[in-house]
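Notes for the structure review
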Amino acid sequence: MAEPFNEATSDKKVLTAGEEASGRLDVWLAAEFGDELSRSRLKALIKEGAVTLNGAPATDPHKKIKPGDTVVVDIPPAADPEPQGEAIPLDILYEDDDLIVIMKPAGLVVHPAAGNWTGTLVNALIHHCGDSLSGIGGVRRPGIVHRLDKDTTGVMVVAKNDAAHKGLAAQFADHGRTGSLERAYVALVWGQPDRMAGTIDAPLGRSNDRVRRAVRKDLSGDAQEAITHFRVTDRFGAANDATALASLVECRLETGRTHQIRVHMTHIGHPLIGDQDYGAAMRTKSNRLPADLKAKVDSFPRQALHAFLLAFEHPVTGEDLRFEAPVPADLAGLIEAFREIPRAS
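The notes below deal with the structure included here. Predicted model, so just to flag it, every value in this text is computed and none were measured.

**Digging into the packing of aromatic side chains**
- Per the counting criterion, the structure on display carries four aromatic pairs.
- Considering the side-chain rings of Tyr94 and Phe323, the 5.6 Å spacing of their centres and the 45 degrees angle between planes classify their relative orientation as tilted. On the criterion of sequence distance, the pair formed by Tyr94 in strand S5 (residues 92–95) and Phe323 in strand S15 (residues 320–324) is long-range, its members being 229 residues apart.
- Owing to a relative accessible area of 25%, Tyr94 belongs among the partly exposed residues under this scheme.
- With centroids separated by 5.9 Å and ring planes inclined at 45 degrees, the aromatic side chains of Phe236 and Phe338 adopt a geometry described as tilted. Note that Phe236 is positioned in strand S12 (residues 227–236) and Phe338 in helix H7 (residues 329–339), a separation of 102 residues in sequence.
- For Phe338, a relative accessible area of 0% puts it in the buried group.
- Counting every residue linked through ring pairs, the aromatic cluster contains Tyr94, Phe312 and Phe323.

**Considerations on the nonpolar core**
- Membership of the largest hydrophobic core comes to 29 residues, with the highest contact counts inside it found for Tyr185, Ile261 and Met265.
- Looking at this core, the elements that each hand over two or more residues are strand S6 (99–104), helix H3 (121–129), strand S7 (153–159), strand S8 (182–190), S12, strand S13 (246–253), helix H5 (260–267) and strand S14 (305–313).
- Looking at this core, the element that brings in the most residues is H3, giving five residues.
- Beyond its immediate stretch of four places on either side in the chain, Met265 contacts Val189, Ile200, Val249, Cys251, His270, Pro271 and Leu272.
- Leu248, Leu293, Leu309 and Ile341 belong to the second largest nonpolar core, which has 23 residues in total.

**A word on the packing of helix H6 (residues 291–299) against H7**
- Between H6 and H7, the shortest axis-to-axis distance is 10 Å and the interhelical angle comes to 150 degrees. In this view, H6 runs roughly antiparallel relative to H7, as classed from their interaxial angle. The two elements H6 and H7 cross, and the hand of that crossing is left-handed. Residues Leu293, Lys296 and Val297 of H6 form the contact with H7, whose participating residues are Leu334, Ala337 and Phe338.
- For the contact of H6 with H7, the class distribution of residues is five nonpolar, no polar and one charged.

**Describing the sheet that holds strand S4 (residues 70–74)**
- Pairing is antiparallel in the open sheet, where four strands are placed in the order S1-S4-S2-S3. Of all the strands in the sheet, just strand S1 (12–16) and strand S3 (56–57) have a single pairing partner and so form its edges.
- When strand S2 (residues 51–53) meets S4, the two strands line up antiparallel, connected through three bridges. Looking at S4, one finds that Val51 is bridged to Val73.
- Contacts between helix H1 (residues 25–33) and the sheet are confined to S1, S2 and S4, with S1 contributing the most and set at about 105 degrees to the helix.

**What about the packing of H1 against helix H2 (residues 39–47)?**
- Where H1 contacts H2, the axes come no closer than 9 Å and their chain directions differ by 130 degrees. Relative to H2, the element H1 is oriented oblique. In this structure, H1 meets H2 at a crossing whose hand is right-handed. Mapping the contact onto sequence places Leu25, Asp26, Val27, Leu29, Ala30 and Phe33 in H1 and Arg39, Leu42, Lys43 and Ile46 in H2.

The rules behind these values
Residues numbered from 1 in each chain as written. Predicted model: local features only at pLDDT ≥ 70, side-chain atom pairs only at ≥ 80, totals over all residues. Heavy atoms only, no water. Phe/Tyr/Trp six-rings, centres within 6.5 Å; stacked < 30°, edge-to-face > 60°. Helix = DSSP H or I, 4+ residues; strand = E, 2+ residues; numbered from the N terminus. Buried < 20%, exposed > 50% of the residue type's maximum accessible area, 1.4 Å probe, protein only. Core = buried A, V, L, I, M, F, W, Y, C linked by side-chain atoms within 4.5 Å. Contact = heavy atoms within 4.5 Å. Axes fitted to C-alpha atoms, helices over the stretch in contact; angles between N-to-C directions. Parallel < 35°, antiparallel > 145°, perpendicular 65-115°, else oblique. Left-handed = near helix turned anticlockwise from the far one by under 90°. Nonpolar A, V, L, I, M, F, W, Y, C, P; charged D, E, K, R; others polar. Pairing = 2+ DSSP bridges.

Any functional reading would require information beyond the geometric quantities listed.
This is the structure in structure tokens:
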């Protein structure tokens, strides 16, 4: 019998026919694989040339099997399921025939991936936009030219046709260096940076766990250029020694790497409040807060980050568009609670 087969991860399965083997190749294979692969799937693989019998291609499902035969089944990884439209509400800031601008809430994944095949922004967009998104930017990411982390809120733009997709993608690839693209975020961070404004220029690559990102010394390997400009706009619990318990920081991206702001702010010693991936080492800082504020911080379910500004040139009309979204209620409430901390003596 065949060993348990996982179509998503296995490439080949080698089988040897036993002494009692007989009959058609597709029927015999179906019995060998049991519930792992259907007979119709195996029959299709045979016709596609993905099965060999004693080293030679076997493209006829009716081919007879006999004892001692060696059969190799070469199965490609299963294709990702094509996302389907779902009636998920969208907070639409602007829409025309070429693009749609939305305010993404916390908890909404942008595009389908392992563990999140449904309930994503893409599913909502397919339902809202219909066939206009078909084929733009790939099956899993139709119309998507940039993204926000699942628990980051803020303004996003999505293309609705090929012309808009190409134009927007070019602007995001240029990072606003020669055009009108602007992206700005508000972040609530622990402590206070050593200067009120500055630039973090630190390449980012995958960390050892292959999921998170980490600062690299140079651009070797998978590292990419990453530049964040920041400006401290408020300080909370400020002391006479020019320190503070927390700060409100405006971050503007010159590049747009995965988790860029979160990693960069941690890199300079001021991770985002609520960031479980990059700010866990600062978790005990909440012990220095008043009891009611400590409770708010400890229960805050996400990184305190909001993309409040997105500006770009309309990819079809050439018009300069600018969108701002107010800080959502959960983060606004946390910021106000920090503002109530008395100044340290």
